[in-house]
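If you want the building blocks of each chain, they are given just below.
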Amino acid sequence: MRLSDNVGNTPLLPIKEKSFTILGKAEFMNPSGSVKDRMATYIFNQAEKEGLIKPGDILCEATSGNTGIAFAMLAAERGYTIYIIMPSNMSEERKQMMRLYNARLIEVDEGDFDGAIALRDEMCKKKGWFNCNQFHNPLNIKAHYQFTGPEIFNQYKEMYGENSQPSAFIAGTGTGGTIMGIGKFLKERWPGIKIIAIEPAESPVMSGGEPGLHGIQGIGDGSKFLVDLDFVDEVITIKTDHAKIKARELASEHGLFVGISAAANVLGCIEWKKRHGGEHLLTILCDRGERYFSCL
């Protein structure tokens, strides 16, 4: 058995917030420490199955960090070389993790995700490298529709029974694969569930604003990418400073040391509860907090 065979089957953790419960899918318990292990492993497995890649090949991806870490882990495990292109303002811990997995790291200007994607596409085309293409790859959605969504659905039923239904699924969007894949599966089983997207207040693209620099790494990358806004019921914006405070609070008061985007998701649940009521809100605890020491 390989390390990547253990991706998924993460627990659904209850987080008590006054009069209601947030249920966080503990994706930080995946092998490389984030939800991106699911998508990366699925893309890798499919590419190998279809004969698109084989050990010794060179791969390339643009990322804010977690996807790069996931692909770097897989490349090291399976004998590939990978180039990672990312904006320079992502955390040093993330960069160090990728280098330890022996990834080749290329940095572009702060917040320049479009530039990172363009450079990835150019290098893959020019050099014949495999383009992992997370931002536009339908397999990104499919991974969460086939695996993460059913896990959440079954875990919730085990906890609360067949007759209970959560009020909303609330998640930050980077590529959009997580919210679209999980949301589609849950909506088919629970038609009344609301699908709520979280984005940084400093880069409110889905809300109709302009992209901007922010500190909630992993979401708000400046474009909607795979997100279908007609599918999303509401968009909630969260300020970077508030997410950082919440991340520290989750560690000190709940013993839950997660990253800034996970804290933004929890804040999104609290905000949605204030606006709409309801109970049993579902969200994603995207990654571990150790990769944000220099930011918190």
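Residues numbered from 1 in each chain as written. Predicted model: local features only at pLDDT ≥ 70, side-chain atom pairs only at ≥ 80, totals over all residues. Heavy atoms only, no water.

Student: Now, about the environment of Leu213: what can you tell me, with residues and values included?
Tutor: Relative to the assigned elements, Leu213 resides in the loop between β8 (194-200) and β9 (234-238). Through-space distance from the C-alpha of Leu213 to that of Glu202 is 6.5 Å; in sequence the pair is 11 residues apart. Aside from chain neighbours lying at most four places away, what touches Leu213 is Asn89, Glu110, Gly111 and Glu202. (Helix = DSSP H or I, 4+ residues; strand = E, 2+ residues; numbered from the N terminus. Contact = heavy atoms within 4.5 Å.)

Student: An account of the pairing of β9 is requested, with residue identities and associated values reported.
Tutor: Only one face of β9 is buried, namely the one carrying Glu234, Ile236 and Ile238, since none of Val235 and Thr237 on the opposite face is buried. Bridging between β8 and β9 involves 5 bridges; their strand directions are parallel. By the bridge assignment for β9, Ala197 is matched with Val235. (Buried < 20%, exposed > 50% of the residue type's maximum accessible area, 1.4 Å probe, protein only. Pairing = 2+ DSSP bridges.)

Student: Account for the environment of Ala262, naming residues and giving values.
Tutor: In this fold, Ala262 is placed in helix α8 (residues 260-276). Given the relative accessible area of 0%, Ala262 is considered buried. Along the primary structure Ala262 and Ala26 are separated by 236 residues, whereas in three dimensions their C-alpha atoms are 9.7 Å apart. Excluding residues that lie within four positions of it along the chain, Ala262 makes contacts with Ile284, Leu285 and Cys286.

Student: Which residues make up the packing of helix α5 (residues 138-160) against helix α6 (residues 177-189), and what values do they have?
Tutor: Axis separation between α5 and α6 bottoms out at 7 Å; the angle between their running directions is 50 degrees. As far as their axial angle goes, α6 and α5 are oblique. Our pair here, α5 against α6, has a crossing hand that is right-handed. Residues Asn140, Ile141, His144, Tyr145, Thr148, Gly149, Pro150, Ile152 and Phe153 of α5 form the contact with α6, whose participating residues are Gly177, Thr178, Met180, Gly181, Ile182, Lys184, Phe185, Leu186, Glu188 and Arg189. (Axes fitted to C-alpha atoms, helices over the stretch in contact; angles between N-to-C directions. Parallel < 35°, antiparallel > 145°, perpendicular 65-115°, else oblique. Left-handed = near helix turned anticlockwise from the far one by under 90°.)

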